[in-house]
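# Residue-level structural notes
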Amino acid sequence: MMKKHHHQSALLILIFFFLTSISACHKDDESPETPQETPNEEEVITTCKLVFTDVSGTTIDTIAVYRDPDGDGGNAPVQFDTIHLHASTTYTTEIILLNETVSPADSISNEVLEESQDHLFCFHVVDANVSITRTDSDGTFEIGLQSEWITTTASTGTVTVTLKHQPGIKDGTCDPGDTDVEIQFPMVIVE
Amino acid sequence: MTPSLEYFKLKHHAQSARFYVLMLINVAFLITKTSAQCDFQINGIVEDAETQLPVAYAMVEIKALQLATVADSTGQYTLHGLCNGQVIITCSRIGFITEEVEISIPSDSLIRHKITFDPTFFSSVDIESSKYRKEAGTGISILDKENLLSTKGLSLSDQLENVPGVYGLKTGTGISKPVIHGLHSSRVLIYNNGIRHEGQQWGSEHAPEIDPNLADQISIAYGAAGLRYGHDVIGGVILVEPAEIRRIPGITAELNTSGISNGRGGMFSGEVQANFKKLKSLGFMLQGTFQQNGNIQTPHQYLDNTGNRGLNYATGINFNKSRFGLHFFYSIYNADIGIYSGSHTGNLTDLQHIIEGTNLPSTTNFSYHIGRPKQHILHELHKVRFHYVTGINSKLEILYARQYNLREEYDKHIPRNDSIAGLNNPELKLEITTHSGDVSWLIRRGSRHTFQTGARGVYQANTYEGRFVIPNYERFSYGAFVLYEWQNKYTKIESSARYDINDLMIYRVINQSITNKKHGTANFAFASTLDHKINNIVQVGISTGRTWRAMQANELYSNGLHHGAASFEKGDSTLQQEISWNLLGSLRLTTKRLRAELNPYFQFINEFTYLLPQTPPILTIRGAFPVFVYTQKDAILKGTDAMLNVKLPFEMEARLNASILRAKNAKDKTFISQMPGDRYQVSFIKHFSNLKKLTKPKIVVGGTYVNKQWRVADNNDYLPPPNAYVLMQAEISTGIQIKKSTLHISLSANNLLNETYRDYMNRFRYFSDEAGRNFTLRITYQIENNR
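Residues numbered from 1 in each chain as written. Chains lettered and ligands numbered in written order. Predicted model: local features only at pLDDT ≥ 70, side-chain atom pairs only at ≥ 80, totals over all residues. Heavy atoms only, no water.

The next thing to look at is the overall build of chain A. Scanning chain A from terminus to terminus reveals 2 helices and 11 strands. Taken from the N to the C terminus, the helices and strands of chain A come in the order α-β-β-β-β-β-β-α-β-β-β-β-β. Scaling as 2.2 N^0.38, a compact globule of 191 residues should have a C-alpha radius of gyration of about 16 Å, whereas chain A reaches 28 Å, well beyond that. A principal-axis box enclosing the C-alpha atoms of chain A has dimensions of 105 × 40 × 25 Å. Across the 191 residues that make up chain A, the buried fraction comes to 42%. Here chain A has roughly 9600 Å² of accessible surface; of this, 55% comes from carbon and sulfur atoms. The centroid of the 8 positive side-chain charges in chain A is displaced by 19 Å from the centroid of its 32 negative side-chain charges. (Helix = DSSP H or I, 4+ residues; strand = E, 2+ residues; numbered from the N terminus. Rg over C-alpha atoms; globule rule 2.2 N^0.38 Å. Buried < 20%, exposed > 50% of the residue type's maximum accessible area, 1.4 Å probe, protein only. Areas by Shrake-Rupley, 256 points an atom, 1.4 Å probe, with all protein chains shown as cover. Lys, Arg positive; Asp, Glu negative; His and termini not counted. Charge placed at Lys NZ, Arg CZ, Asp CG, Glu CD.)

It is worth spelling out the state of the cysteines at this point. Residue and element names in this part refer to chain A. Under the defined criterion, the tally for this structure stands at 1 disulfide over all chains. Paired through a disulfide, Cys122 and Cys174 show a sulfur-sulfur distance of 2.0 Å. Handedness here is read from the sign of the S-S torsion; for Cys122 and Cys174, about -110 degrees, the answer is left-handed. You can see Cys122 sitting in strand 7 (residues 119-126) and its partner Cys174 sitting in the loop between strand 10 (155-165) and strand 11 (178-190), a full 52 residues away along the chain. Given a relative accessible area of 8%, Cys122 falls into the buried group. Given a relative accessible area of 30%, Cys174 falls into the partly exposed group. (Disulfide = S-S within 2.5 Å.)

Our focus in this paragraph is the confidence of the model for chain B. Residues and elements named next belong to chain B. Taken residue by residue, chain B gives an average pLDDT of 86. The fraction at 70 or more is 92%. Scored below 50 in pLDDT, residues 1-17 makes 0 contacts in the model with residues more than four places away or belonging to other chains. Under a pLDDT of 50 for its full length, residues 27-35 has, in the predicted model, 7 contacts with residues more than four places off or in other chains. Across the whole predicted complex the pTM is 0.84, and at the interface the ipTM reaches 0.83. (pLDDT = per-residue confidence, 0-100. Contact = heavy atoms within 4.5 Å.)

Next up on the list: the pairing of strand 29 (residues 567-570) of chain B. Residue and element names in this part refer to chain B. Bridge analysis of strand 28 (residues 559-562) against strand 29 gives 4 bridges, and the strand direction is antiparallel. What sits directly across from Asn559, in strand 29, is Lys570. Sheet topology note: the strand 29/strand 32 (residues 623-648) ladder contains 3 bridges and is parallel. Looking at strand 32, one finds that Glu569 is bridged to Phe628. (Pairing = 2+ DSSP bridges.)

This paragraph deals with the packing of aromatic side chains. Within a pair of aromatic rings, the relevant descriptors are the distance that separates the centres and the angle that separates the planes. Residues and elements named next belong to chain B. Under the defined criterion, the tally for this structure stands at 22 aromatic pairs over all chains. Ring centres of Tyr191 and Tyr229 lie 4.8 Å apart, and the angle between their planes is 70 degrees; this geometry places the pair in the edge-to-face category. Residue Tyr191 is found in strand 11 (residues 188-192), and its partner Tyr229 is found in the loop between strand 13 (215-222) and strand 14 (236-242); the two are separated by 38 residues along the sequence. Owing to a relative accessible area of 6%, Tyr191 belongs among the buried residues under this scheme. Judged by relative accessible area, which is 5%, Tyr229 ranks as buried. Between Tyr718 and Tyr766, the ring centres sit 5.7 Å apart and the planes meet at 65 degrees, which makes this aromatic pair edge-to-face. (Phe/Tyr/Trp six-rings, centres within 6.5 Å; stacked < 30°, edge-to-face > 60°.)

For the rest of this paragraph, the subject is the sheet that holds strand 7 (residues 111-115) of chain B. Hydrogen bonding along the main chain pairs the strands of a sheet, whether they run parallel or antiparallel. All names here are of chain B. Taken together, 3 strands build an open sheet; the order of strands is 4-1-7 and the sheet is mixed. Across the chains shown, the open sheet's two edge strands, defined by having one partner strand only, are strand 4 (76-82) and strand 7. Within the sheet, the average angular offset between the axes of one strand and its neighbour, ignoring direction, is 30 degrees. Where strand 1 (residues 40-48) and strand 4 come together, 5 bridges link them in antiparallel fashion. Bridge pairing links Asn43 to Thr78 in strand 4. (Axes fitted to C-alpha atoms, helices over the stretch in contact; angles between N-to-C directions.)

Right, let's talk about unusual backbone geometry for a bit. Residues and elements named next belong to chain B. Residues Ile105 and Pro106 are joined by a peptide bond in cis, for which omega reads 0 degrees. In this model, Arg372 is joined to Pro373 through a cis peptide bond whose omega is -5 degrees. Inspection of the secondary structure puts Pro373 in the loop between helix 5 (348-356) and strand 20 (374-391).

Looking at soluble globular proteins, one finds that nonpolar side chains tend to be buried together. Counting residues in hydrophobic clusters, the biggest one holds 35 residues, and the most contacted among them are Ile218, Ile220, Ile238, Phe608 and Leu637 of chain B. Counting only elements with at least two residues in this core, the list comes to strand 9 (166-171), strand 10 (175-180), strand 11, strand 13, strand 14, strand 31 (594-620), strand 32 and strand 33 (652-665) of chain B. Leaving out residues up to four positions away in the same chain, Ile238 of chain B has contacts with Leu160, Pro178, Ile180, Val188, Leu189, Ile190, Tyr191, Ile218, Ser219 and Ile220 of chain B. In terms of nonpolar packing, the next biggest core, distinct from the first, is built from 30 residues, Phe121, Phe123, Val130 and Ile183 of chain A among them. (Core = buried A, V, L, I, M, F, W, Y, C linked by side-chain atoms within 4.5 Å.)

All names here are of chain B. Relative to the assigned elements, Glu653 resides in strand 33. Glu653 gets classed as buried once you look at its relative accessible area, which sits at 10%. At 2.7 Å, the side chain of Glu653 and the side chain of His687 are in polar contact. Once residues within four sequence positions are removed from consideration, Glu653 is found in contact with Asn645, Val646, Lys647, Leu648, Ser683, Phe684, Ile685 and His687. (Polar contact = N/O pair within 3.5 Å; in protein donor to acceptor, adjacent residues only side chain to side chain.)

Residues and elements named next belong to chain B. With antiparallel pairing, 4 strands are arranged side by side in an open sheet as 3-2-5-6. Only two strands of the sheet have a single partner each, and these edge strands are strand 3 (67-70) and strand 6 (99-105). Pairwise comparison of adjacent strand axes, ignoring direction, gives a mean angle of 25 degrees for this sheet. Where strand 2 (residues 59-62) lies against strand 3, 4 bridges are found, and the strand directions are antiparallel.

With that settled, consider the pattern of salt bridges. Evaluation of the coordinates by the stated rule reveals 35 salt bridges over all chains. Here Glu142 of chain A makes a salt bridge to Arg134 of chain A, at a shortest N to O gap of 2.9 Å. Lys114 of chain B is the partner of Glu47 of chain B in a salt bridge, and the nearest nitrogen-oxygen pair spans 2.6 Å. Separated by 67 residues along the polypeptide, Glu47 of chain B in strand 1 and Lys114 of chain B in strand 7 bring together distant segments of the chain. You can call Lys114 of chain B partly exposed: its relative accessible area is 33%. (Salt bridge = Lys/Arg side-chain N within 4 Å of Asp/Glu carboxyl O.)

The subject of this paragraph is a nonpolar patch on the surface. Residue and element names in this part refer to chain B. On the surface, a cluster of nonpolar side chains totalling about 630 Å² of accessible area is made up of Phe688, Ile699, Val701, Ile732, Leu747, Phe775, Leu777 and Ile779. Put simply, the parts of the chain that give the nonpolar patch at least two residues each are strand 35 (694-706) and strand 38 (774-786). Sorting elements by how many residues they give to the nonpolar patch places strand 38 first, with 3 residues. You can see Ile699 is positioned in strand 35. (Patch = residues over 30% accessible without salt bridge, like charges linked within 9 Å, V, L, I, M, F, W, Y side chains within 5 Å.)

What follows covers the interface of chain B and chain A. Each partner contributes to the interface: chain B provides 63 residues, whereas chain A provides 58 residues. Buried surface at the junction of chain B and chain A, summed over both partners, amounts to about 5200 Å²; 56% is from carbon and sulfur atoms. Viewed at the interface, chain A and chain B are joined by 2 salt bridges. Note that Lys412 of chain B is salt-bridged to Asp178 of chain A, the shortest N-O span being 3.4 Å. Where chain B meets chain A, there are 14 residue pairs in polar contact (both at pLDDT 80 or more). A per-class count over the side of chain B that touches chain A returns 28 nonpolar, 19 polar and 16 charged. (Buried area = accessible area lost by both parts, 1.4 Å probe. Nonpolar A, V, L, I, M, F, W, Y, C, P; charged D, E, K, R; others polar.)

Structure representation (structure tokens):
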């Protein structure tokens, strides 16, 4: 009699497993006919603005912009300025990063400031007579959202602005982490 | 309890009594034979017990008298020259259960033999149609249960790596997909449990979402030899077949466990099959696998975030009557796969730094934690199969399946915005739902002719959320095929042809409005295979065919950055279908001591689609990225798979295995990149005779040599292909027989010498070395209880 019961319970267990699983059904909630409006990669950086302010106030403030409103790929950048600065001048420079795929545009530089312990801007100058110093700090290391650019003589070259994402590995140098922004701006310094 | 025992005894006595009486009658019959009247005749008719219709050409025998005849086409027969007395008439027919009746002679009435269909006979037809073929032939390789024992716990693709002509295309240590004769992804079909597997197979970093523990046998059909399974078998088809649910009362259980040292991982898999005496027509199966591995170690370091975890589950039910059968099956595959964190690069400069070794991720320790970047994958299958025996040698099969595939890819970094980051959403979510219906009809004529025809319809919907990789689409496919097979003792010919229509409807948002575009393709395909046995030693074969493939959504529309490869991939919506012509030869020698196989192949692919580097690079806010565009060019792929198996003295055995491939553009004769390098494998096996309860104990020592793939296109890679390498492996294994159960234990070591190497077919060869030495302990326990 015991054995018979074993059979019945085994049979019931198997039927139970079978019925519960066959009724399980994962579903796609989206419909293929209605694709999402914008192919959004969360927090795309579309725009990088460098805002230069002459400390002495003798020359007009200047802005250099890299702007690719549809993000990576697609159309080429719509604006890619050359940095025009005056010789023998000291500028304070602010970097503004925007996501213009959303409306109103989202300020990524504010997010960078909030997570300043994880971010570092680096500047690499070639052939242009300018020295750049980061002037802000996350408490331990510099950030680079604010910087001081001191020009000397007239020259032509490039400045590469890089934003490194260094979560938990920031050590004040540009080596660790992944690159979020890397723009090589042409630069002209005139007398 | 006593009364029933008494009853059994009585019954036994009764049976013996009848037996003795029969014996006596027989003896008496023999003695009186000469004197008895022996000119009686009997008339009978053979009928199907279920339909009451006559069954033609059944064999009718009286074994004791060595008398036999065959019933005519109306099922009727006459037997002459019978003596008076009792006789047992045996009535047999292929496909029916043999039936015996006792008749007393003389008998004037028509004897009606009611015979019933043998369900097991048609199950053998079942297996043949679903498992392709039982034996390897031209264009077919088979991994049987015993072959699979030594690779339990590995992924499907890793299990196939010892099959000639099959390679693995890897993404780091946890993701691998099979490559047949240099072709992969949408050029290689996978059939899981009789259903065409529909996932996001276009992506090279998308491994097949299949639990190989369910497989009882894996077959590989190269190129057009698998045409019955689809028009797009350009590389071939892999058939993953579970054991058929048992049809005789009893329980079968199997438990598989394996533990690996590198990754400190474990796998537990169990399967139970049951059929109950009171419900013989019902069979059940239940199977599940749990797997967890931690960080993998190269000879020098742990690779950060290379663990993975999987939980799979399957259940099935079979209902079989003599003429029809109904089968339900459900399976779900769940996996979380960690991606080596050092492989995520922001831009080309980062990649350059990694290649130069100046920006390697900080050394990590062992961990089971799976963090970002990672993939979460789910694959669900519902299947219903119905078959009906339409005649003595024909069968109709109807199949419906629904598959749902979810793929979530998590980038290395969470969004900066805390509220978005808190959601921990994947940056990319792809969902694909597929409904497929198949109808096929199989007819056999005698032992020589088999005819099969069928039709297939598929509806597929694909959606994405998050980052754009491929657009939303709907796919409608229809097709029909015919197959004819002829065979005698020496020769086997198989020919098949099919016509398929494939309509792809793409939905995209362009300038704030939804735009759809239809890509319709239709074409025919055919294939023929000839196998001929010249004598007991030499067998030759040839397989040829034309197959084609419609362009996939990624080849037409992909437009995005690959974080791993730091490259930008672009589709081309004007691309046309790819058409392949292939030819495969086979020469087999079999003697007592030696088994050798040579399988040369040649394939011409018209409009072969591949990624071509393009200038100028694309400018993004993260700097310039190289651009690769899907381009078409005619290609020629040729190669040879060879195998040699020699029996040596002292129960030793040597095995050699070579896979060689050359791939070139047909016009300018330049090499095609991303093709596997030549591979040679050698192994020595020492068998031991069975010792007490130990069965088939053996020791295997082997080596694998993979040559440097220097045959690549110029200037389209960041790094030259890695150097050639040699790996050593060893295994010791035995079976243990314990009453009704079998235990199989093996201990194996891979990369025994802890070699530091990189493989050209691993997309992460820029970032890290391959895994170091690994020991695997495998235990398989099988128990069968028939009652």
